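Structure at a glance
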Amino acid sequence: MGGQCRNCLTRIPYATVIATIMCIVGVGIFCGTMYRGATLSVLMFDQVFKLHVVWMEVVQMTFVIIGASMGALGLMILFVGCLATGATRQKVYRAWGARVGGRISCAVFMSITYILQIAWLLMLCFLVIITVTFMIFWGLCSSNRVQNERQCIDFTQFDFLFPNNTRPEHMKVCETIEIKMFCKDYVENAVVMFILATVACLLVILSLVHYLMCLSANYAHIRDHEKFQELQELQYLQDPDMSVTGSKDRF
């Protein structure tokens with residue numbers, strides 16, 4: 001029983017499992033916080049600035065697709081890691097065709113992971129900009145002239161960011177109810193969501209780096225296993241007696 005347990009434990013790709021957990025946790029937090037942050041942004045534009053942002057619904061659906069795709073990718077890479085670990089590798093990659101297929105699959109997943117790494121780095125840059133912007137909004141809300149002097153939060157100097165048909169009064173947040181909605185209901189909650197999304201994005205990037213290391217190691221293991229198989233077969237040819245006694249271990 002103990003031997004079977006140890007044999008089972010040697011088949012687990014622990015590094016890939018850790019990377020998969022990091023990826024799933026990071027993507028889950030990212031999708032949840034970005035979905036909530038996008039929803040708050042849509043409500044803020046609609047109720048405070050009287051702007052109807054239709055394309056944000058597409059962005060929200062994109063977050064759901066990203067979560068499902070990254071989860072599926074993580075499970076596929078975990079499957080490849082299981083095949084290239086311990087005794088499983090020796091059984092699966094005995095034949096030449098299986099070894100070639102294993103190396104190709106590792107190379108393909110490394111390419112996909114590398115491209116995703118670049119995409120998530122761009123997403124991190126975008127999130128940093130969004131987070132800094134909302135933190136500036138929160139700084140405006142916390143300023144003395146807004147809290148105590150009850151002055152308007154004026155965005156008319158940023159009119160180039162608004163649609164051309166936006167009325168000037170819609171670029172100002174003046175009424176007490178509007179200030180409360182803008183600051184407390186939307187900006188304060190959105191800042192927290194975007195900060196969590198940024199941290200989750202960093203976690204996903206770390207998991208992708210971890211995946212690249214694991215896939216590179218699996219590629220090397222499969223390649224070295226092929227060399228070991230060739231060396232073993234050459235030894236069997238040179239020593240027929242070893243071929244007979246070792247046939248049970250080979251097959």
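Predicted model, so just to flag it, every value in this text is computed and none were measured. (Residues numbered from 1 in each chain as written. Predicted model: local features only at pLDDT ≥ 70, side-chain atom pairs only at ≥ 80, totals over all residues. Heavy atoms only, no water.)

1. Points about the pattern of salt bridges
- Evaluated as defined, the whole model comprises three salt bridges.
- In this structure, Glu178 engages Lys50 in a salt bridge whose closest nitrogen and oxygen atoms are separated by 3.7 Å. Taken together, the positions of Glu178 in helix H7 (residues 176-238) and Lys50 in the loop between helix H2 (14-47) and helix H3 (56-83) put the pair 128 residues apart, joining distant regions of the chain.
- Between Lys184 and Glu188 there is a salt bridge; the shortest N-O distance is 3.8 Å. A residue pair is termed a helical-turn pair when its members lie 3 or 4 positions apart in one helix, as Lys184 and Glu188 do in helix H7 at four residues.
- Take Glu188: its relative accessible area is 30%, and that puts it in the partly exposed class. (Salt bridge = Lys/Arg side-chain N within 4 Å of Asp/Glu carboxyl O. Helix = DSSP H or I, 4+ residues; strand = E, 2+ residues; numbered from the N terminus. Buried < 20%, exposed > 50% of the residue type's maximum accessible area, 1.4 Å probe, protein only.)

2. A look at the UniProt feature "transmembrane region" (unreviewed entry) in the protein
- UniProt's feature table lists "transmembrane region" (unreviewed entry) at residues 12-38, 58-84, 96-115, 121-141 and 190-213, given in the numbering used throughout.
- Secondary structure within residues 12-38 divides into 93% helix and 0% strand; the distance between the first and last C-alpha atoms comes to 39 Å. (UniProt positions renumbered as here; feature names shortened; annotations may be inferred.)

3. Describing the nonpolar core
- If you look at the biggest cluster of nonpolar residues, it comprises 53 residues, and the most contacted ones within it are Phe30, Phe49, Trp120 and Phe182.
- Counting only elements with at least two residues in this core, the list comes to H2, H3, helix H5 (96-142) and H7.
- It is H7 that contributes the most residues to this core, 19 residues altogether.
- With residues up to four places along the chain from it excluded, the contact list for Phe182 reads Met44, Val48, Phe49, Phe137, Cys141, Ile153, Phe155, Val173 and Val187. (Core = buried A, V, L, I, M, F, W, Y, C linked by side-chain atoms within 4.5 Å. Contact = heavy atoms within 4.5 Å.)

4. Observations concerning unusual backbone geometry
- Positive phi, close to 55°, is recorded for Lys50, a residue that is not glycine.
- Using a relative accessible area of 39% as the deciding quantity, one classes Lys50 as partly exposed.

5. Structural notes on the environment of Leu203
- With respect to the element layout, Leu203 can be found in helix H7.
- Counting along the chain gives 181 residues from Leu203 to Met22, while the straight-line C-alpha distance between them is 6.5 Å.
- Excluding residues within four positions of it along the chain, Leu203 makes contact with Met22, Val25 and Gly26.

6. A closer look at the environment of Leu51
- By secondary structure assignment, the location of Leu51 is in the loop between H2 and H3.
- Judged by its relative accessible area of 15%, Leu51 falls in the buried class.
- In this structure the C-alpha to C-alpha distance between Leu51 and His170, which are 119 residues apart in sequence, comes to 8.8 Å.
- If near-sequence neighbours (up to four positions away) are discounted, Leu51 is found in contact with Phe45, Asp46, Phe162, Pro163 and Thr166.

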